[in-house]
Amino acid sequence: MSASRRTLVIVGAGPRGTGLIERIAANAPELYAGSGAEGAEGAEGAEDAEDFGGLDIHLVDPHPPGAGRIWRAAQSPLLWMNSHAEDVTMFTDETVVMEGPVRPGPTLHEWAEIDGSTFADRRIQGAYLRWVHEQAVAALPPGITVHHHPRRALRVGGPREGRQQVWLEGLPHPLHADLVVLALGHLDAELDEEQRALAAYAREHDLVHLPPDFTADSDLSALAPGEPVLVRGFGLAFVDLMVLLTEGRGGRHDGDTYVPSGQEPVLYVGSRRGVPYHSKIGYEWSGERPPLPRFFGPAEVDAILARPDGFDFRRDVWPLIEKELGFAHYHRLFGAHPERTSIAWADFEEKYAACEAAERETLVASAVPDPADRLDLAALDHPLAGVTYASQEEFQDGLRAYVEADLSRRHDPSDSPDLAVFLGLLSVYGQLIRLGDVGSWWHGFFSYLASGPPGPRLRQLLALSRAGIVRFVGADMTVAAEDGVFRASSATVPGVSVEARALVEARLPEPTVGRTVDPLLRDLHADGAVESPEGLLRVDRTDGRLLDRAGQPHPRRFALGPYTDVRTPGAFTRPRTGGPAFRQNDATARALLAFLRDLACQAPV
């Protein structure tokens, strides 16, 4: 490669890296190709790009570009997305607040020509992501070339003010880069202290212990047919596990009945809440949307950031989120179901805006007669709090009734305030990005309410429960390693425990920098990369530059993704919901291009 060409290394070629390239392609005609006119391409763009010496983008990822590891083709077709195909896009629209140009494109359902309400399998999503990647690369102006290196990045070095070196597995010499972006996605992690103890106990007593992992990558062969297996975790990782150990072993669903193959283990599942994530909502929005943000928007975030003593999430942020979600809920209830309210919306809205939390409770009780129509976030978060059952069988019946009720509510348009709260959650998440790391509780709460499994998966769960293949343990499930076995118990069914010789931790590894097994991030951590209190990589909230201990951004290193303290709901999003990740991608792409343009202009002729 010519020494006059500028180089950008992007570590991670999955959907986040693809989204960044899409934004580079959208912004390059203005910021790098030198046209000065948005969207100008062709001969003029080629000539200006040559003036800048051209640009090489190096994508470093052992997995294929676009799909990456999570959405790769080489996985079971039984594994689905947890979003409707019409709710998945990789393209910007006018709701994304950004400086760069909007470049619209098809949603997954439009591209794949499938029904919008379909829960596509992950291989179809991977094909969509590969196509988006190809389109993004094709849209780059002349003079910008992409190279894929199917290897792992091991470390990055170089002075703050000089070119960087990115060392790749199996190569004797590094890639030299003017800029480096880490877009690694989800991370594997070393075991924490509890997991190490459980793993050691399993080895000592010839037990099976599967630590937190991506279920599609786990070796499930040691989970024997008919044997009890303790499962800790009731979210999406559990759903994948459930599918692979039932249909994946030859069983089948016949309507609401499960027909076993005889190869299934018996899964005893529990978690902190003791219930599965709420079902995806199964009806369409109609009518006026809640005008969001209302009580938690840019002005409120500005005020929080201006606090000289910093902020506490529960004290300073959560009350505003509660008010925002409540506003979304009641705006819909009063607008779509006025017969279930007792005062006019204008009166309620005025009083709601003026009162504090305790007064709001009194206001809601007087204006919304049926408690089932009131939003109770604490009850949603702890559905089994204070609830006990006399026996395991009684609890199985009780939890099946809970899941049935959730499915009914989530598929009934008369409960459309639930969908309004979902839209409120998306709005809140978009604002929280500016606050950085707000702790893990919020992300778990968001996923529990807004990112649960497809309804058909919960119907399969019910069928497996009735067949005796899935058994419910309860809330605040504890696991003890004693007497040569694993033993699980819960206060939901007092005095009862379950023994098994296998334990599966059905959850993703925590994305902490200190415990990651990724060699590049481990090297950065050892070299002094700054962590947030939650163990996430600290980055500039504007454009993603890595921060040092003094809070100063590194001029040549950037990071995007769930392992940073600027977390977004995902690398792709629901159309027309603001796309927080797209906004981040755009800001980072513009910062990269502006830096490279200025660097090229400074280069000797």
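Quick caveat: nothing in here was measured; it's all calculated off a predicted structure.

Here we look at the overall build of the protein
Across its full length, the protein carries 17 helices and 19 strands. Here the C-alpha atoms of the protein give a radius of gyration of 25 Å, agreeing with the 25 Å that 2.2 N^0.38 yields for 605 residues. Based on the C-alpha atoms only, the size of the protein along its principal axes is roughly 85 × 65 × 50 Å. Residues counted as buried form 55% of the 605 residues belonging to the protein. At a minimum sequence separation of 6, the contacts of the protein that also span at least 24 residues come to 75%.

Quick word on the sheet that holds strand β6 (residues 175-177)
Hydrogen bonds between backbone atoms are what pair the strands of a sheet, whose relative direction is either parallel or antiparallel. Ordered by their spatial adjacency, three strands build an open sheet running β4-β5-β6, and the pairing between neighbours is antiparallel. Edge positions in the sheet fall to β4 (153-157) and β6, since each has one partner strand and no second. The mean inter-strand angle of the sheet, taken between neighbouring strand axes irrespective of direction, is 25 degrees. Alignment of β4 against strand β5 (residues 164-168), held across four bridges, turns out to be antiparallel. By the bridge assignment for β5, Val156 is matched with Val166.

Focus on the pattern of salt bridges
If charged atoms from side chains of opposite charge come close, those side chains can pair. Scanning the model with the defined rule gives 38 salt bridges in all. The salt bridge involving Glu94 is made with Arg576; its shortest N-O contact spans 2.4 Å. Remark: Arg576 occurs in the loop between β19 (553-559) and α17 (580-602) and Glu94 occurs in the loop between β2 (55-60) and α3 (108-112); sequence separation between them is 482 residues. On the basis of relative accessibility, which here comes to 57%, the residue Glu94 falls in the exposed class. Classification of Arg576 as partly exposed rests on a relative accessible area of 47%. We note a salt bridge from Asp240 to Arg122, for which the minimum N-O separation is 2.7 Å. Here the residue Asp240 occupies a position in helix α6 (residues 236-244), and Arg122 occupies one in helix α4 (residues 122-138), the gap between them amounting to 118 residues.

A closer look at the layout of surface pockets
Estimated volume of the second largest pocket: approximately 1,000 Å³. Residue lining of the second largest pocket: 37 residues in total, with Thr95, Val97, Gln431, Gly578 and Arg583 positioned closest to the centre. Among the secondary structure elements, those contributing two or more residues to the lining of the second largest pocket are α13 (417-432) and α17. The leading source of residues in the lining of the second largest pocket is α17, at nine residues. Per-class residue counts for the lining of the second largest pocket are 17 nonpolar, 10 polar and 10 charged.

Some remarks on unusual backbone geometry
In this chain, Leu292 is followed by Pro293 through a cis amide linkage whose omega measures -5 degrees. Residue placement: Pro293 occurs in the loop between β12 (266-271) and α7 (298-305). The phi angle at Glu113 is positive, at roughly 55 degrees, despite the residue not being glycine. Mapping Glu113 onto the fold places it in the loop between α3 and α4.

Notes on empty space enclosed by the protein
All told, the structure shown has six cavities of 30 Å³ or more when counted by the stated rule. In this structure, the largest cavity occupies an estimated 70 Å³ of space. Taken together, Leu210, Pro211, Asp213, Thr215, Ser218, Leu220, Ala237, Leu241, Val504, Glu505 and Ala506 make up the full set of residues lining the largest cavity. Sorting the residues of the lining of the largest cavity by element identifies α6 and β17 (502-505) as the ones contributing at least two each. The class makeup of the residues in the lining of the largest cavity is seven nonpolar, two polar and two charged.

Things to note about the packing of helix α8 (residues 313-336) against helix α9 (residues 345-354)
Across the interface, α8 lies against α9 with an axial gap of 11 Å and an inter-helix angle of 175 degrees. As the angle between them shows, α8 and α9 are arranged roughly antiparallel. Contact with α8, carried on its side by Glu322, Lys323, Gly326, Phe327, Tyr330, His331 and Phe334, involves Trp345, Phe348, Glu349, Tyr352 and Ala353 of α9 and no other residues of that element. In terms of residue class, the contact of α8 with α9 is built from seven nonpolar, two polar and three charged.

Some thoughts on the sheet that holds strand β18 (residues 545-547)
Across the sheet, six strands lie side by side as β3-β2-β1-β7-β19-β18; this open sheet has mixed pairing. Taken across any chain shown, the strands that pair with only one partner, and hence form the sheet edges, are β3 (144-149) and β18. Within this sheet the neighbouring strands show an average axis-to-axis angle of 30 degrees, counted without direction. As defined by bridge partners, strand β7 (residues 179-182) adjoins β19 across three bridges and the pair is classed as parallel. Opposite Val181, over in β19, you have Phe558 as the bridge partner. This element, helix α1 (residues 15-31), spans β1 (6-11), β2, β3 and β7 of the sheet and lies at about 150 degrees to β1.

A short note on the packing of α8 against α13
Here α8 crosses α13 at 145 degrees, and the two axes come no closer than 8 Å. Between α8 and α13 lies a crossing whose hand is right-handed. Of the residues in α13, those touching α8 at Phe313, Val317, Ile321, Glu324, Leu325, Ala328, His329, Arg332 and Leu333 are Pro417, Ala420, Val421, Gly424, Leu425, Ser427, Val428 and Leu432.

Concerning the nonpolar core
Nonpolar side chains in soluble globular proteins tend to be buried together. Membership of the largest hydrophobic core comes to 84 residues, with the highest contact counts inside it found for Leu223, Phe238, Phe296, Ile321, Tyr330, Leu432 and Trp442. Residues within four places of Tyr330 in sequence aside, it is in contact with Trp345, Phe348, Tyr352, Val364, Val368, Asp373, Arg374 and Leu375.

A look at the pairing of strand β13 (residues 470-475)
In terms of burial, β13 is a largely internal element, six of the six residues being buried. Pairing of β12 with β13, which is carried by five bridges, proceeds in the parallel orientation. Paired with Gly270 across the two strands is Gly474, which belongs to β13.

Brief notes about helix α14 (residues 440-450)
Taken together, the buried positions of α14 are occupied by Trp442, His443, Phe445, Phe446, Tyr448, Leu449 and Ala450. For α14, the elements touching its buried residues are α8, α11 (377-381), α12 (392-410) and α13.

Here is what the cut-offs are and how they apply
Residues numbered from 1 in each chain as written. Predicted model: local features only at pLDDT ≥ 70, side-chain atom pairs only at ≥ 80, totals over all residues. Heavy atoms only, no water. Helix = DSSP H or I, 4+ residues; strand = E, 2+ residues; numbered from the N terminus. Rg over C-alpha atoms; globule rule 2.2 N^0.38 Å. Buried < 20%, exposed > 50% of the residue type's maximum accessible area, 1.4 Å probe, protein only. Contact = heavy atoms within 4.5 Å. Pairing = 2+ DSSP bridges. Axes fitted to C-alpha atoms, helices over the stretch in contact; angles between N-to-C directions. Salt bridge = Lys/Arg side-chain N within 4 Å of Asp/Glu carboxyl O. 1 Å grid on protein atoms, 1.4 Å probe; cavity = no way out; pocket = protein on both sides within 12 Å on 5 of 7 lines; lining within 4 Å. Points joined across faces, edges and corners; volume = space filled by probe spheres on them. Nonpolar A, V, L, I, M, F, W, Y, C, P; charged D, E, K, R; others polar. Parallel < 35°, antiparallel > 145°, perpendicular 65-115°, else oblique. Left-handed = near helix turned anticlockwise from the far one by under 90°. Core = buried A, V, L, I, M, F, W, Y, C linked by side-chain atoms within 4.5 Å.

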